[in-house]
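# Report on the structure
Now for the letters of each chain:
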Amino acid sequence: MAFQDNIRNILKNELDDIRDSGIFKEERIICTPQSSEVEVEFPAGSGKKNVINMCANNYLGLSSHPDVIESAHKGLDHRGYGLSSVRFICGTQDIHKELEKKLTKFLGTEDTILFPSCMDANAGVFEAILSEEDIMIADRLVHASIVDGMRLCKAQRDTYKHSNMTHLEEKLKLHQGYRLKVIITDGSFSMDGDLAKLDKIVELAEKYGAMVFLDDSHASGFIGKTGRGTQEFCDVVGKIDIITTTLGKALGGASGGCVSGRKEIVELCRQKARPYLFSNTIPPVVVSGAIKVLDIISKTTERRDKLEENTNFWRKSLIEAGFIIKDGETPIVPVMLFNAKLSQDIAKDLYNNGIYAVGFFFPVVPKGQARIRTQLSAAHDIHHLEKALEAFVKAGKKYDILGKSKKEIIEMYGD
Amino acid sequence: MSDIKNAILEYIKNEYLEDEDEDEIDFDTPLISGGIVDSFSMVSLKVFLETSYKIQLPDSKATPDAFDSVNNIYKLLKEFNIQ
């Protein structure tokens, strides 16, 4: 038997270490379509519970929209279930090209290439366009998939303090001698819910002859007046050289991602990006659903407007109730608790009161910055948020943290 | 010796601490395991050491353990005859 006891023990010990460090992840089983309310079985084997979902990336509430589902059905009926191929052999249908064109138009770029996920887009894009003579300069809080993509690339790497433009400029000066320079940032930072200072970044890029890379996964579809993302919010549409984004969050929530931007960059991805070259094409059912999503959000801003109203209501209500939240404009609203155990205890209390939200702590966020991350959706109605607020206030009173400063909470519970 | 350590400490303060950070750091403060420098942003420190001391640090040497305090970094530099 190849899988001998000593091998099993090594792996078991590693799992024990993960459990001991308190970061062991357990899946919660959802028995309904994704929505503002879901039926959850947690822990596995326990009874099902109806809860308000405050932790999905379903920002526009399109994950289970009837028109998207209908379009997905049509894709299945007319273009089949799968293609059994990568894109460049026999995995590109007319609908793949249609979706790429629609994304290009929506994002205001020159061209777009689909990837199986944005994780794959980020893993493949840097290696496809950069070499040892080049440098990547990244915000320190960029998404893990960008970190992985940078590690797979032979170009030199450096980082700058989160959203610190003075520090970024120092780095651009330091690295002026490189052939190609790329400033790398998320649009909306997924743990803090703040937006990149993209207008300043573009200004610095122009000054130092650098390119700008933007991962807009937590912004595409709803940030900016017409939902074009952080680039629209910061008024720099057309000035971002590389945008990666996902179809797995606001844009239908199924799967898939893309690189969109300068046509030469997109073409190099078609020629060289390994996750594009060596993984299967996106299935027709997902492509057809995503096309409908883009049609819906290109016609009306109704859904992103409702999301904005929900976000404003939620942020204002939490502050008025006496919670400390991270400042920002996005539907990612972290409720700061600072202490890891407190974040887990409150998340548990919320769940028992019908609210599904997750507590995060070190190493996912910096030490002493534990929080419960709440995420709004256009699928939420005010009554959902009122119920969620009631549960938060109940927990806040129980742990006596309402109206308390960061220092006071840390004095009570530690950091 | 202390000149090199002080230069590294000064770099770490400027590079990794935010203005609002109140905690003092010294030669023994755990940098990686203490959450001051994460494995991703550690690359800036590597670039600084390579540029300042004109050395090439292979990935096998530039480990989280080797970078976990100013004293550890100094030990690493000594292997490259920097002291």
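Just so it is clear, the model here is predicted, and its values are computed rather than measured. (Residues numbered from 1 in each chain as written. Chains lettered and ligands numbered in written order. Predicted model: local features only at pLDDT ≥ 70, side-chain atom pairs only at ≥ 80, totals over all residues.)

## Description of the overall build of chain B
This is how it is decided: Only DSSP runs of H or I with at least four residues qualify as helices, and only runs of E with at least two residues qualify as strands; both kinds are numbered from the N terminus onward. Note on burial: count the other C-beta atoms lying within 10 Å of the residue's C-beta; 20 or more is buried, 12 or fewer is exposed, in between is partly exposed, and C-beta positions come from the backbone. Distance between backbone-placed C-beta atoms decides contact: two residues are in contact if it is within 7 Å.
Helices and strands together make up the secondary structure of chain B, namely 3 helices and 0 strands. Its helices and strands in sequence order give chain B the pattern α-α-α, from N to C terminus. Expressed along its principal axes, the backbone C-alpha trace of chain B runs to roughly 35 × 25 × 20 Å. Burial analysis of chain B (83 residues in total) assigns 23% to the buried set. Long-range contacts, defined here as pairs at least 24 residues apart, represent 57% of the contacts in chain B between residues at least 6 apart.

## Some thoughts on the environment of Lys387 of chain A
Residue and element names in this part refer to chain A. With respect to the element layout, Lys387 can be found in helix H15 (residues 382-398). We classify Lys387 as partly exposed; it has 15 C-beta atoms within 10 Å. In the structure, Lys387 is positioned 34 residues away from Asn353 in sequence and 9.2 Å away in space, judged by C-alpha atoms. Among residues more than four places away in sequence, those in contact with Lys387 are Ile52 and Gly354.

## What to know about the interface of chain A and chain B
Where we set the bar: Note on residue classes: Ala, Val, Leu, Ile, Met, Phe, Trp, Tyr, Cys and Pro are nonpolar, Asp, Glu, Lys and Arg are charged, and everything else, Gly too, is polar.
With 9 residues of chain A at the interface, the matching set in chain B holds 7 residues. Looking at which element gives the most residues to the side of chain A that touches chain B, the answer is strand E6 (residues 156-160) of chain A, with 3 residues. Residue composition of the side of chain A that touches chain B, by class: 3 nonpolar, 1 polar and 5 charged.

## Regarding the packing of helix H2 (residues 66-79) of chain A against helix H12 (residues 284-299) of chain A
All names here are of chain A. Rules: Axis lines are fitted through C-alpha atoms, for helices just across the contact stretch, and the angle between N-to-C directions can take any value from 0 to 180 degrees. Note that the term roughly parallel is reserved for angles under 35 degrees, roughly antiparallel for angles over 145, roughly perpendicular for angles of 65 to 115, and oblique for everything else. Crossing handedness follows the turn of the near helix against the far one: under a right angle anticlockwise gives a left-handed crossing, and clockwise gives a right-handed one.
Relative to each other, H2 and H12 sit at 140°, their axes nearing to 7 Å. In terms of their interaxial angle, H2 and H12 are classed as oblique. Our pair here, H2 against H12, has a crossing hand that is right-handed. When H2 is examined against H12, the residues Asp67, Val68, Ser71, Ala72, Lys74, Gly75, Leu76 and Arg79 are found in contact with a partner set consisting of Pro284, Val285, Val287, Ser288, Gly289, Ile291, Lys292, Val293 and Ile296.

## A word on the sheet that holds strand E13 (residues 358-360) of chain A
Residue and element names in this part refer to chain A. Keep this limit in mind: Two strands pair under a simple rule: DSSP has to find at least two bridges between them.
Strand order in the open sheet formed by 3 strands is E11-E14-E13, and the pairing between neighbours is antiparallel. Strand pairing shows two members of the sheet lacking a second neighbour, strand E11 (332-338) and E13, which therefore form its edges. Neighbour-to-neighbour, the strand axes of this sheet turn through a mean angle of 30°, independent of strand direction. Contacting E11, E13 and strand E14 (370-375), helix H14 (residues 340-352) crosses the sheet at an angle of about 40° to E14.

## Some details on helix H7 (residues 165-174) of chain A
Residues and elements named next belong to chain A. We count it as follows: Summarising the geometry, the arc corresponds to the directions from the helix axis toward the C-beta atoms.
Taken together, the buried positions of H7 are Leu168, Lys171 and Leu172. Projected down its long axis, H7 carries its buried residues within an arc of 100°, all on one side. Facing away from the buried surface of H7 by more than 90 degrees, the exposed residues are Thr166 and Lys173. Of the surrounding elements, those touching the buried residues of H7 are strand E5 (135-139), E6, strand E7 (181-186) and helix H8 (198-208).

## Focus: unusual backbone geometry
With an omega of -5°, the peptide bond running from Phe42 of chain A to Pro43 of chain A counts as cis. Assignment of secondary structure puts Pro43 of chain A in the loop between strand E2 (37-41) and strand E3 (48-53). Here Lys54 of chain B, not a glycine, exhibits a phi torsion of approximately 50°, which is positive. Here Lys54 of chain B is to be found in the loop between helix H2 (42-53) and helix H3 (70-79). Judged by the 9 C-beta atoms lying within 10 Å of it, Lys54 of chain B is exposed.

## Digging into the sheet that holds strand E12 (residues 355-356) of chain A
All names here are of chain A. The mixed open sheet is built from 4 strands, whose spatial order is E1-E2-E3-E12. Either end of the sheet is taken by a strand with one partner, and the two such strands are strand E1 (29-30) and E12. Where E1 meets E2, 2 bridges bridge the pair, whose relative direction is antiparallel. Paired with Ile29 across the strands is Glu41, a residue of E2.

## Re the domain arrangement of chain A
Reports often express the size of an interface as the amount of accessible area lost when the parts come together. Residues and elements named next belong to chain A. Spelled out, the test is: Where each domain begins and ends is defined by an automated method or by a domain database.
Examined at the domain level, chain A breaks down into domain 1 (27-56 + 302-413) and domain 2 (66-299). Using only C-alpha atoms to locate each centre, domain 1 and domain 2 end up separated by 28 Å. Counting residues at the interface gives 14 residues for domain 1, matched by 14 residues for domain 2. Elements represented by at least two residues in the side of domain 1 that touches domain 2 include exactly helix H13 (302-321) and E11. Of the residues in the side of domain 1 that touches domain 2, the class split is 6 nonpolar, 3 polar and 5 charged.

## Considering the nonpolar core
The cut-off we apply is this: Put simply, a nonpolar core is a cluster of buried Ala, Val, Leu, Ile, Met, Phe, Trp, Tyr and Cys residues tied together by C-beta atoms within 7 Å.
Among the nonpolar cores identified, the biggest contains 114 residues, and Met136, Ile137 and Ile183 of chain A are the most heavily contacted of them. Considering each element in turn, this core owes the most residues, 9 residues, to H12 of chain A. When residues of this core are assigned to domains, at least three map to each of domain 1 (27-56 + 302-413) and domain 2 (66-299) of chain A. Every residue in contact with Met136 of chain A, bar those within four places of it in the chain, is listed here: Phe126, Leu130, Met150, Cys153, Ala155, Arg157, Val182 and Ile184 of chain A. Listed in part, the 15 residues of the second largest apolar core include Ile12, Tyr16, Phe67 and Val70 of chain B.

## Details of helix H1 (residues 5-20) of chain A
All names here are of chain A. The condition that has to hold: How far a helix is expected to stretch is found by multiplying one less than its residue total by 1.5 Å.
With 16 residues, H1 should cover 22 Å at 1.5 Å per step; its first-to-last C-alpha distance of 22 Å lies within 8% of that length. The element H1 is barely covered by neighbouring structure, given that only 0 of its 16 residues are classed as buried. One or two residues past the end of H1 sits Gly22, with phi positive at roughly 80°.

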